[in-house]
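# Fold and geometry: a report
Below are the chains, spelled out letter by letter.
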Amino acid sequence: DSSGGVVAWSPDGNWLLVGGTEIYFVDAATLKQVRSIKSYAGDNGLAISPDGKTLAIYRTGVKLYDAVSGGELRTLFEQNSVSSATCGAPLAFSPDSAMLAVQVGDTVKLYDVASGEEIETIVAKGANSVAFAADGQSLYVGSWQGGVRLDITTGQPLSSFGDRSGDATCLALSADGTLLATS
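First, a word on what this report is: a plain description of the structure on this page. Computed from a prediction, not measured in an experiment: that's the story for all the values here.

### Focus: the overall build of the protein
Of the regular secondary structure elements, the protein holds zero helices and 18 strands. For the protein, the proportion of its 183 residues judged to be buried stands at 49%. Excluding contacts between residues fewer than 6 apart, the proportion of contacts in the protein whose partners are at least 24 apart in sequence is 33%. Total accessible area on the protein is roughly 8,600 Å²; 50% of this is exposed by carbon and sulfur atoms.

### Considering the sheet that holds strand β2 (residues 15–19)
Spatially, four strands are ordered β1-β2-β3-β4 in an open sheet, and the strand pairing comes out antiparallel. Of all the strands in the sheet, just β1 (6–9) and β4 (33–38) have a single pairing partner and so form its edges. Pairs of neighbouring strands in the sheet enclose a mean axial angle of 20°, with direction left out of account. Pairing of β1 with β2, which is carried by four bridges, proceeds in the antiparallel orientation. Bridged to Trp9 within β2 is Leu16.

### Some details on the layout of surface pockets
Here the idea is plain: a probe the size of a water molecule rolls over the atoms and shows the empty space left. The volume enclosed by the largest pocket comes to roughly 930 Å³. Every residue lining the largest pocket is counted, 31 residues in all, and those nearest its centre are Trp9, Ala47, Ile48, Ala92 and Leu173. At the level of elements, β1, β5 (45–48), β9 (91–93), β13 (127–132) and β17 (171–173) are the ones that each hand at least two residues to the lining of the largest pocket. Sort the elements by how many residues they give to the lining of the largest pocket and β1 lands first, with four residues. Taken together, the residues of the lining of the largest pocket break down into 23 nonpolar, seven polar and one charged.

### With respect to the sheet that holds strand β11 (residues 107–112)
Within a sheet, neighbouring strands are paired by backbone hydrogen bonds and run either parallel or antiparallel to one another. Taken together, the four strands give an open sheet; going across it, the order is β9-β10-β11-β12, and neighbouring strands pair in antiparallel fashion. Of all strands in the sheet, those bounded by a partner on one side alone are β9 and β12 (118–123). Ignoring which end each strand starts from, the neighbouring axes of this sheet average 15° apart. Both β11 and β12 contribute to a ladder of five bridges, which runs antiparallel. Across the sheet, Leu110 pairs through a bridge with Glu120, a residue of β12.

### Here's the deal with the nonpolar core
Within the largest apolar cluster, 15 residues are counted, with the highest numbers of intra-cluster contacts made by Ala101, Val108, Leu110, Val130, Phe132, Leu139 and Val141. Among the secondary structure elements, those contributing two or more residues to this core are β10 (99–104), β11, β13, β14 (138–143) and β15 (146–151). In terms of residue count, the dominant contributor to this core is β13 (three residues). Setting aside residues no more than four positions away along its own chain, Leu139 makes contact with Ala101, Val108, Leu110, Val130, Ala131, Phe132, Ala133, Val148, Arg149, Leu150 and Ile152. Listed in part, the 14 residues of the second largest apolar core include Phe77, Phe93, Leu100 and Val102.

### A look at the pairing of β11
Counting buried residues along β11, five of its six residues qualify, which places the element largely inside the surrounding structure. The turn linking β11 back onto β12 is made up of five residues, and Gly116 within it adopts a positive phi angle of 80°.

### Looking at the packing of aromatic side chains
Counted according to the given criterion, the structure contains three aromatic pairs. Here the aromatic rings of Tyr58 and Phe77 are separated by 6.2 Å at their centres, their planes lie at 75°, and the arrangement is edge-to-face. In this pair, Tyr58 sits in strand β6 (residues 54–58) while Phe77 sits in strand β8 (residues 72–78), placing the two residues 19 residues apart along the sequence. We note that Tyr58, like Phe77, is buried. Between the aromatic rings of Phe77 and Tyr111, the centroid separation amounts to 6.2 Å while the plane-to-plane angle is 15°, which identifies the pairing as stacked. A residue pair is termed long-range when its members are at least 10 positions apart, and Phe77 in strand β8 and Tyr111 in strand β11 qualify at 34 residues. Each member of the pair, Phe77 as well as Tyr111, is classed as buried. Among the aromatic side chains, those forming a connected cluster through ring pairs are Tyr58, Phe77 and Tyr111. Lying over the aromatic face of Phe25, Arg35 brings its terminal NZ or CZ to 3.8 Å of the ring centre.

Definitions and cut-offs
- Residues numbered from 1 in each chain as written.
- Predicted model: local features only at pLDDT ≥ 70, side-chain atom pairs only at ≥ 80, totals over all residues.
- Heavy atoms only, no water.
- Helix = DSSP H or I, 4+ residues; strand = E, 2+ residues; numbered from the N terminus.
- Buried < 20%, exposed > 50% of the residue type's maximum accessible area, 1.4 Å probe, protein only.
- Contact = heavy atoms within 4.5 Å.
- Areas by Shrake-Rupley, 256 points an atom, 1.4 Å probe, with all protein chains shown as cover.
- Pairing = 2+ DSSP bridges.
- Axes fitted to C-alpha atoms, helices over the stretch in contact; angles between N-to-C directions.
- 1 Å grid on protein atoms, 1.4 Å probe; cavity = no way out; pocket = protein on both sides within 12 Å on 5 of 7 lines; lining within 4 Å.
- Points joined across faces, edges and corners; volume = space filled by probe spheres on them.
- Nonpolar A, V, L, I, M, F, W, Y, C, P; charged D, E, K, R; others polar.
- Core = buried A, V, L, I, M, F, W, Y, C linked by side-chain atoms within 4.5 Å.
- Phe/Tyr/Trp six-rings, centres within 6.5 Å; stacked < 30°, edge-to-face > 60°.
- Lys NZ or Arg CZ within 6 Å of the ring centre and 35° of its normal.

So this is what it looks like as structure tokens:
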């Protein structure tokens, strides 16, 4: 019983992480729970860094955890209201695991994972979902207005995708960074 609704695969594909009142590590081969770590109750977002070392948990803010020990590393921010992620993808790590993108309202905030410092805030009206592009220098943002690829330094659009009159509220980027799925 996970008591939650967010899931993520470990970068090596050996673990399925299921979020809820705890983060459960499920062995992909046996489908048996191996361990768990305490986290926010009823998480709305879960991401594991590409190097497999850091978990990001989104609820009323964002906390980072050591993926091996389960220890809390730092809180990036707290807010009074509960986030309502529409598809469980309101945060994403950069390909080198050094940055974390977090959708907060009509913005995407970029954080340095090592220090916890906010690097940049990018305006992204209607943002619901984020995914770093394979280049690490741009970010896919899905919204009720379609999707856009943004330069993380300038915040300027590089390209758009999806129907601008339809939703692209959920994003998933393939492990090799060559395919982007939206819904």
